[in-house]
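Structural characterization, general
What follows is the residue order along each chain.
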Amino acid sequence: MKFVCLKCETYMTFEKVEKPAEGTLGVFFECPSCQSRFSMVTNPGETQMVSSLGVQLGGRTEAAIPLEMTRGGLEENVSAGKGQMAAYLNEKIQGGQPASAAPAASAAPASGEGESGGCPFSAMVAQMGLGSSGASSTAAPAVEQLLWTPDAQEKLAKLPSFVQPMVKSSVETYARKSGFTTVTLQVMDDSKNASTEGIKWTPEAQQRLDNIPDFIRPMAKREIERLVKEKGGSEITADMMEEAKEKFMKFM
Amino acid sequence: MNQQKDLKEILNTLQYTDDAKVVEQISVHTKRVIMRMKGIRRKVVVMSGKGGVGKSMTTVNLALALARMGQRVGLLDVDINGPCVPQMLGMRGKGLLDTAEGAVPPTGPLGIKVASMDFLLQDNAPVRWKGPMDLSPVWLGLTEMNVIREFLSDMVWGELDYLLADLPPGAAADKPPLLVGLIPDLAGAVVVTTPSEVASNVVQKSIAYAQELGIGILGVVENMSEYRCPSCGDTNPLFEGDTESMCEVLGLPLLGRIPFDRNFARTFDKGEPILDGDNPTVAKYQDIAKKIHTLLDYQQVLTGKL
């Protein structure tokens, strides 16, 4: 954070940090040109934000001790700190009135907030399209529905319920990529054998892959496919397996 | 509007300097973590996304198993709010030793070095941070992130073959990105689940999230796969889920299945961990540790098997 002296058109320089009260920091700045000084005073929330960074404003004057922030931040009295911010606001801003009693008009919403019940966050969420009613104005492109043959549907239904959505999505992605409009048993089988990278394995290469212990096979498959894809290939043959093997040996 | 334009013109003529030195200090923090991690050969996180599946039990037993294999092992208990690793390893009451180089973690069974928030807390005191609790959602995440960063940067691990990090439950939301940011050469993640469908659903999401972040998933450990009767030794399934199918669909290896063993669990609760490699549950963890070790040496395996 920097401050500009508009009179001298220059950055004010950081001078020092003081702790005028518990939970408050006073950060002092001075204009190097006109020597005007001012202090920015933080409330407990802002103070905690700065403390949470684990840094010291103005830089370190002595070496940090191990786990300095962690140890310094731990509260010894578990009841302390509760309601500190509300108390601060009550005393400093609301003039001793309960924070909730502040008139709504005193916090007039900025532009774009008015239709969200005055909450600045709801306006922001709506703008980002994250809320339940904040769907993006750009509708997602329609995805053509695929037909599933009864036997394919039956096969899908036999899988454990919690893996069905993932299998369905995977098969349909393969079917769309391959230009199928109907998912048959054959399409399901083919999708299982098809690489997610769009790379095919020859039977001989597949057999060599099967020699690898099962727990290591998925990682090996991904790595070999990556190597082949890097070379611009689309089919994994026994020769390519040999190349991959030589490459792995170089890393040993 | 004019005032904004004037300010823009003024700023165009000024040279920015970081007087408060915040950016500089944050950069120093990151560099310190990287420097600390240099002596560690393999960094592995144990995660789930679902609470209560036995991440800590898995982490502790994998650490013991790797140590049994002659590996130099460190264990970082990243569960800041519910640290339990020291208790499981019978290390409560031990502390970090402050030195000029940093905090030296105490050594537990089989020479495992352990760092945990528990070492900074008194008895059963909860973790409470200074600051306005009514605004804690604003700063708490940042505080916890920097606590983890300090545990990574300030701990004198020395030379290690493995550093295992036991992530807290619900870690999918914040800890993996943080760890990836702090440890660029993370070897991968071991995912723990139970065969219950609820756990599997949540775990699948955290796997997808971790993969999006570029974290390699080494495999899945199915915990509480069955119940071993402490009287007769018979085993029966506890849930009706199917972790094997999930792993097949996700293209991940199922590293192993661990039964729920009441006697086994009780020893860790009491801080008297079973170290005997002949124990059937210990043997299962040993098998998983061997697989992880092999997975991380997969290039060597491939040259022999391809």
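Criteria and thresholds
Residues numbered from 1 in each chain as written. Chains lettered and ligands numbered in written order. Predicted model: local features only at pLDDT ≥ 70, side-chain atom pairs only at ≥ 80, totals over all residues. Helix = DSSP H or I, 4+ residues; strand = E, 2+ residues; numbered from the N terminus. Buried ≥ 20, exposed ≤ 12 C-beta atoms within 10 Å, placed from the backbone. Contact = placed C-beta atoms within 7 Å. Pairing = 2+ DSSP bridges. Core = buried A, V, L, I, M, F, W, Y, C linked by C-beta atoms within 7 Å. Expected span 1.5 Å × (residues − 1). Axes fitted to C-alpha atoms, helices over the stretch in contact; angles between N-to-C directions. Parallel < 35°, antiparallel > 145°, perpendicular 65-115°, else oblique. Nonpolar A, V, L, I, M, F, W, Y, C, P; charged D, E, K, R; others polar. pLDDT = per-residue confidence, 0-100.

**A word on the overall build of chain B**
Helix and strand counts for chain B come out as eleven helices and ten strands. Across its three principal directions, the C-alpha atoms of chain B cover 85 × 45 × 45 Å. Counting the 306 residues in chain B, one finds 46% classified as buried. The contacts in chain B between residues at least 6 apart in sequence include a share of 78% that link residues at least 24 apart.

**A few points about the interface of chain B and chain A**
In this assembly, 54 residues from chain B lie in contact with 56 residues from chain A. For the side of chain B that touches chain A, the secondary-structure elements that each account for two or more residues are helix 1 (2–13), helix 2 (22–37), strand 4 (102–104), helix 5 (136–153), helix 7 (197–212), helix 8 (243–250), helix 10 (280–296) and helix 11 (298–305) of chain B.

**Points about the pairing of strand 7 (residues 188–193) of chain B**
Two faces, one strand: in a regular strand the side chains alternate between the faces of the sheet. Residue and element names in this part refer to chain B. Among the six residues of strand 7, five are classified as buried, and the element is accordingly described as predominantly covered. Strand direction decides the pairing type here: strand 1 (residues 40–47) and strand 7, joined by four bridges, are parallel. Within strand 7, the position partnered with methionine 47 by the bridge is valine 191.

**Observations regarding the environment of Pro44(A)**
Residues and elements named next belong to chain A. Following the sequence through the fold, proline 44 ends up in helix 1 (residues 44–52). Of the residues examined, proline 44 has 25 C-beta atoms within 10 Å and is grouped as buried. As a C-alpha pair, proline 44 and alanine 21 span 23 residues in sequence and 9.8 Å in three-dimensional space.

**Notes on the nonpolar core**
Ala63(B), Leu164(B) and Val190(B) are the most contacted members of the largest nonpolar core, which totals 86 residues. With eight residues, helix 3 (residues 55–68) of chain B is the single largest residue contributor to this core. Listed in part, the nine residues of the second largest apolar core include Cys5(A), Tyr11(A), Val27(A) and Val50(A).

**Some details on helix 7 of chain B**
The α-helix winds at 3.6 residues per turn, so residues separated by three or four positions along the chain end up facing the same way. Residues and elements named next belong to chain B. Under the 1.5 Å per step criterion, the end-to-end length of helix 7 is 23 Å for 16 residues, consistent within 8% with the ideal 22 Å. Inspection of helix 7 places Ala199, Ser200, Val202, Val203, Gln204, Ser206, Ile207 and Ala210 among the buried residues, and these make up the whole buried set. Backbone geometry just downstream of helix 7 places glycine 214 in the positive-phi region, at approximately 90 degrees.

**Some words on the packing of helix 2 of chain B against helix 5 of chain B**
Residue and element names in this part refer to chain B. The interhelical angle for the contact between helix 2 and helix 5, taken along N-to-C directions, is 45 degrees, at an axis separation of 8 Å. With respect to helix 5, the element helix 2 is oriented oblique. Contacts between helix 2 and helix 5 involve His29, Arg32, Val33 and Arg36 on the former and, on the latter, Arg149, Leu152 and Ser153. Of the residues belonging to the contact of helix 2 with helix 5, the class tally is two nonpolar, two polar and three charged.

**Overview of the confidence of the model for chain A**
Residue and element names in this part refer to chain A. Per-residue confidence for chain A gives a mean pLDDT of 71, with 67% of residues at or over 70. Residue range residues 77–82 is modelled with pLDDT below 50. Its contacts to residues more than four positions away, or to other chains, number nine contacts. The low-confidence segment residues 98–141, where pLDDT is below 50, has 29 contacts with residues more than four positions distant or belonging to other chains.

**Topic: the confidence of the model for chain B**
Summing up the model confidence of chain B, the mean pLDDT is 86 and the portion of residues at 70 or higher is 93%. As scored by the predictor, the complex reaches a pTM of 0.71 and an ipTM of 0.76.

**Concerning the sheet that holds strand 5 (residues 37–41) of chain A**
Residues and elements named next belong to chain A. Taken in spatial order, the three strands make up an open sheet running 3-4-5, and their pairing is antiparallel. Looking along the sheet, the strands with just one partner apiece sit at the ends: strand 3 (13–21) and strand 5. Taking the axes of each pair of neighbouring strands and ignoring which way they run, one obtains an average angle of 25 degrees across the sheet. Where strand 3 meets strand 4 (residues 24–30), six bridges bridge the pair, whose relative direction is antiparallel. Within strand 4, the residue paired with alanine 21 across the bridge is threonine 24.

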